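# Analysis of the macromolecular model
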Amino acid sequence: MPVPAAQHAKRKGRWLIHLFPLPALLVYVLFVIYPIFSAFRYSLYEWKGLTQGAFIGLVNFVKLFGIEPYNSMFWNAFRHNLVYFAVEMVVQNGLAFLLAFILYRKVRGAGFLKTVYFFPRLLSVIVVGFLWKLMLNPNYGALNTILAKLGLAQWAKPWLGDPDTALVAIILVNCWFGLGFAVLIFLAGLQAIPEEVVEAARIDGASGLTLTRKIIVPMCMPAITIMTVLTFIQSFEAFELVYAMQGSMGEPFYSTDTMSVYFYRLAFGSSGGGDTVSIGLGSALAVVIFFIVASVSAAFLYVMRRKEVQH
């Protein structure tokens, strides 16, 4: 029995709809999937400059984790990434949730405040890095100048030149840069909470911190999960801001080094250990970063999804 023309056209239309994602999928495979597999393959070979040599298996990984100075520099950078994540979770996400909660309570000027909070996100990371580098300059920077005007000259420091303050300064700049995005994510999560649930809790006597802890935070867990995972990924891939403010050497004395910055040095410049370009070691480090980010993010999602409240 012949298929009616209208039904045939409908089936053809369905097939065409399935073809629409192909360009995006092709771009994703070309610029994400292929580089991941290429990095893993490159990490298994010896490299002489930009020339691929003999297959050496896991030697690059052994060198990265077991031979000085590569292992000490890796763990130094890894610790800095952990600090990056911890400070961002407490400062950026903690402050963002507080501000989102204030906006959720429909304060006057909420629309203007949303714009103000999100404005830094509109700037390029490189531009933000150079602007804050100027403001933190120990000689003519705005921060030390303001401290001197307030009679707090003893608090003035070479913020990016002191190993004790350089990393924290960069992380706080990153918190300022990412605050608006986190506010919007948390605000979206808060606004998704059914109003009748909150009202029912108030009728039952819940208020203040009890209402927030027992009702609002658990029901906002999807947004908290998203921001936790995004913060972890961003923290362990931190590169642009560190590079813009301190260059590729993680100065001073590698106190601002991160795994992505160390990867850049290994793959494209001085490794800090006396070598020049080491594509094999750089690829091995890239694979390690990928597995850390992928595995921990998946674990975060699994654990935190179980804490979400369905409504």
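Preceding this paragraph is the structure being described.
Anyway, here's the lowdown on the structure attached to this text. Remember, it's a predicted structure, so these values are computed and weren't measured experimentally. (Residues numbered from 1 in each chain as written. Predicted model: local features only at pLDDT ≥ 70, side-chain atom pairs only at ≥ 80, totals over all residues. Heavy atoms only, no water.)

### Here we look at the state of the cysteines
- Following the criterion strictly, the structure yields 0 disulfides and no others.
- You can see Cys220 has no disulfide; the closest cysteine sulfur is in Cys175, sitting 19 Å from it. (Disulfide = S-S within 2.5 Å.)

### Overview of the packing of helix H4 (residues 70-104) against helix H8 (residues 166-191)
- Axis separation between H4 and H8 bottoms out at 7 Å; the angle between their running directions is 40°. Comparing their axes, H8 and H4 come out oblique. Note that H4 runs across H8; the crossing there is right-handed. (Axes fitted to C-alpha atoms, helices over the stretch in contact; angles between N-to-C directions. Helix = DSSP H or I, 4+ residues; strand = E, 2+ residues; numbered from the N terminus. Parallel < 35°, antiparallel > 145°, perpendicular 65-115°, else oblique. Left-handed = near helix turned anticlockwise from the far one by under 90°.)

### Digging into helix H13 (residues 259-268)
- Burial runs high along H13: 7 of the 10 residues are buried.
- Residues of H13 that are buried include every one of Met259, Ser260, Val261, Tyr262, Arg265, Leu266 and Ala267, and no others.
- Where H13 is buried, its residues meet helix H3 (59-66), H4, helix H11 (221-236), helix H12 (240-246) and helix H14 (279-305). (Buried < 20%, exposed > 50% of the residue type's maximum accessible area, 1.4 Å probe, protein only. Contact = heavy atoms within 4.5 Å.)

### Details of the pattern of salt bridges
- In total, this model carries 1 salt bridge according to the counting rule given.
- Here Arg265 and Asp257 are joined by a salt bridge, their closest N and O atoms 2.8 Å apart. (Salt bridge = Lys/Arg side-chain N within 4 Å of Asp/Glu carboxyl O.)

Take it as geometry only, folks, not as evidence of what the structure does.
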